[in-house]
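# Structural overview for review
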Amino acid sequence: MERKLNNYAILKQIEGTPWIAFSAFERFPELVCGFSTRLGGVSRGMFSSMNLGFRRGDAQERVMENYFRLGRSMGFDPERLVFPDQVHRTVIRRAGAADCGKGIIHERDYTGVDGHITDEPGVPLLIFTADCVPVFLYDSQKRAVGAVHAGWRGTVGGIAAEAVRRMTEEFGSRPEDIAAVIGPSAGPDCYEVGEEVACRFLEVFGGADTRPQEAESGGSGKENRTEKSCINRPEIVRPAGGEKEGKYWVNLWEANRRMLLQAGLQEEHIAVSELCTMCRQDLFFSHRATGGKRGSMAGIIMLR
């Protein structure tokens, strides 16, 4: 069963387990790529039902059953998955067959990794998210893939661009040959941040304003000091307004898209799924919407 969600995403369901496929990658039969939903699993309560996080407090046997169900539906072997160690940094690691199972049936022997790349078939790369941005990369010329976890720190740190750089370094990829999908995550009308984080985005993407400000000097006149203030840049950051004084909406989709463009990808090779995890809680877990009372979703990419 298939149902088109929008021009960029398709809800597929095989053997009762749904997952999200991406239209931009459907033309590559050699590629397995998808994103889990919260549906079709065996977990209960706030983890209901397709929880893929072992560290959320869910029963381990239920999580493993969820992986086997998703693997049968998508077409990957759960016992070969390569897990990251997501710490909101920008470290990209090359993975191979020797890494299969690390994080799910074997202990990881690496830390601080928020993305993997590989050019070996049968090595499924996994990324966890529940509002942060999953970025999937595929070079059809060199047959190489990447999976990246981009929270706000990873986004301003340029982790998507770093993955592209590592693919060029490791596999000889050309950025213009790489296709990218920005997967389900908190959308531009939902990802709320404070002024400090908003200014971080504007420093990177333009719009942070540094100017002399008049300040009290302790009672005897005034002195100049330099302060940083945020200027509205609607395509990346805009004030939330209303009762959310001092809060801003950040567009992680557009920010990561621009990072990929700066890394050399062609505009027509970058697709945004336009699925918001906070708006579509019928399909997805959302960390922010539930205050952390949720399960984990995962994106997987693999060369057949």
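These numbers come from a predicted model, not from an experiment.

Moving on, we get to the environment of G207. One can find G207 in the loop between α4 (195-205) and β12 (208-216). Residue classification places G207 among the partly exposed positions, given a relative accessible area of 27%. Considered as a pair, G207 and T129 are 78 residues apart in the sequence and their alpha carbons are 28 Å apart.

Overall, antiparallel pairing links the 3 strands, which are arranged β11-β15-β14 in an open sheet. If you trace the sheet from one side to the other, it starts and ends with β11 (192-194) and β14 (237-241), each paired once. This sheet shows a mean twist of 45 degrees between the axes of neighbouring strands, independent of strand direction. Here β11 pairs with strand β15 (residues 244-250) via 3 bridges, running antiparallel. Bridging from a neighbouring strand, G194 pairs with K247 of β15.

The linkage connecting S48 with the following residue, S49, adopts the cis geometry, with an omega of -5 degrees. Relative to the assigned elements, S49 resides in the loop between β4 (31-36) and α1 (60-74). In the Ramachandran plot, H88 falls in the positive-phi region, its phi being about 65 degrees despite a non-glycine side chain. Among the secondary structure elements, H88 is positioned in the loop between α1 and β5 (92-94). One non-glycine residue, R143, lies in positive phi territory at about 55 degrees. Residue position: R143 is located in the loop between β8 (133-139) and β9 (144-150). Classification of R143 as partly exposed rests on a relative accessible area of 42%.

Attention now goes to the side chain of H149. Among the secondary structure elements, H149 is positioned in strand β9. Judged by relative accessible area, which is 3%, H149 ranks as buried. Only 2.7 Å separates the side chain of H149 from the side chain of D114, close enough to count as a polar contact. Residues in contact with H149, not counting those within four places in the same chain, are Q86, H88, D114, I127, F128, T129, C132, V133 and I159.

The buried fraction of β4 amounts to 6 of the 6 residues, a majority that puts the element mostly inside the structure. In β4, alternate side chains face the same way, and those of L31, C33 and F35 on one face and V32, G34 and S36 on the other are all buried. Here 2 bridges tie strand β3 (residues 17-22) to β4, and the two strands are oriented antiparallel to one another. Bridge pairing in β4 places I20 opposite F35. Two strands pair when backbone bridges link them, and β4 and strand β17 (residues 297-303) are joined in this way by 5 bridges, in the antiparallel orientation. In the strand pairing of β17, F35 is matched with G299.

Going through the model one piece at a time under the given rule, you end up with 9 aromatic pairs. Relative to Y67, the ring of F54 has its centre 5.6 Å away and its plane inclined at 15 degrees; by these criteria the two rings are stacked. Placement of the pair is F54 in the loop between β4 and α1 and Y67 in helix α1, with a sequence separation of 13 residues. Consider the rings of F83 and F128, whose centres lie 5.2 Å apart with planes at 85 degrees: the pair is edge-to-face. Of the two residues, F83 sits in the loop between α1 and β5 while F128 sits in strand β7 (residues 125-129), which places them 45 residues apart along the sequence. In terms of burial, F83 and F128 fall into one category: buried. One aromatic cluster in this structure is built from F54, Y67, F83 and F128. The ring of Y191 has R288 lying over it, and the distance from NZ or CZ to the ring centre is 3.8 Å.

This part covers the packing of α4 against helix α5 (residues 252-262). Between α4 and α5, whose axes approach to 12 Å, the crossing angle comes to 25 degrees. When the interaxial angle is binned, α4 and α5 end up roughly parallel. The handedness of the crossing between α4 and α5 comes out as left-handed. Taken together, the residues of α5 that come into contact with α4 (itself represented by F201, V204 and F205) are L252, A255, R258 and M259. For the contact of α4 with α5, the per-class residue count stands at 6 nonpolar, no polar and 1 charged.

Moving on, we get to the confidence of the model for the chain. Per-chain confidence: the chain averages 93 in pLDDT, with 92% of residues scoring 70 or above. When pLDDT is averaged over each helix and strand of the chain, the minimum, 48, is found for β12 and the maximum, 99, for strand β6 (residues 115-118). Predicted confidence is poor over residues 210-226, with pLDDT under 50, and the contacts of this stretch with residues over four places away or in other chains come to 23 contacts.

Cut-offs applied
Residues numbered from 1 in each chain as written. Predicted model: local features only at pLDDT ≥ 70, side-chain atom pairs only at ≥ 80, totals over all residues. Heavy atoms only, no water. Helix = DSSP H or I, 4+ residues; strand = E, 2+ residues; numbered from the N terminus. Buried < 20%, exposed > 50% of the residue type's maximum accessible area, 1.4 Å probe, protein only. Pairing = 2+ DSSP bridges. Axes fitted to C-alpha atoms, helices over the stretch in contact; angles between N-to-C directions. Polar contact = N/O pair within 3.5 Å; in protein donor to acceptor, adjacent residues only side chain to side chain. Contact = heavy atoms within 4.5 Å. Phe/Tyr/Trp six-rings, centres within 6.5 Å; stacked < 30°, edge-to-face > 60°. Lys NZ or Arg CZ within 6 Å of the ring centre and 35° of its normal. Parallel < 35°, antiparallel > 145°, perpendicular 65-115°, else oblique. Left-handed = near helix turned anticlockwise from the far one by under 90°. Nonpolar A, V, L, I, M, F, W, Y, C, P; charged D, E, K, R; others polar. pLDDT = per-residue confidence, 0-100.

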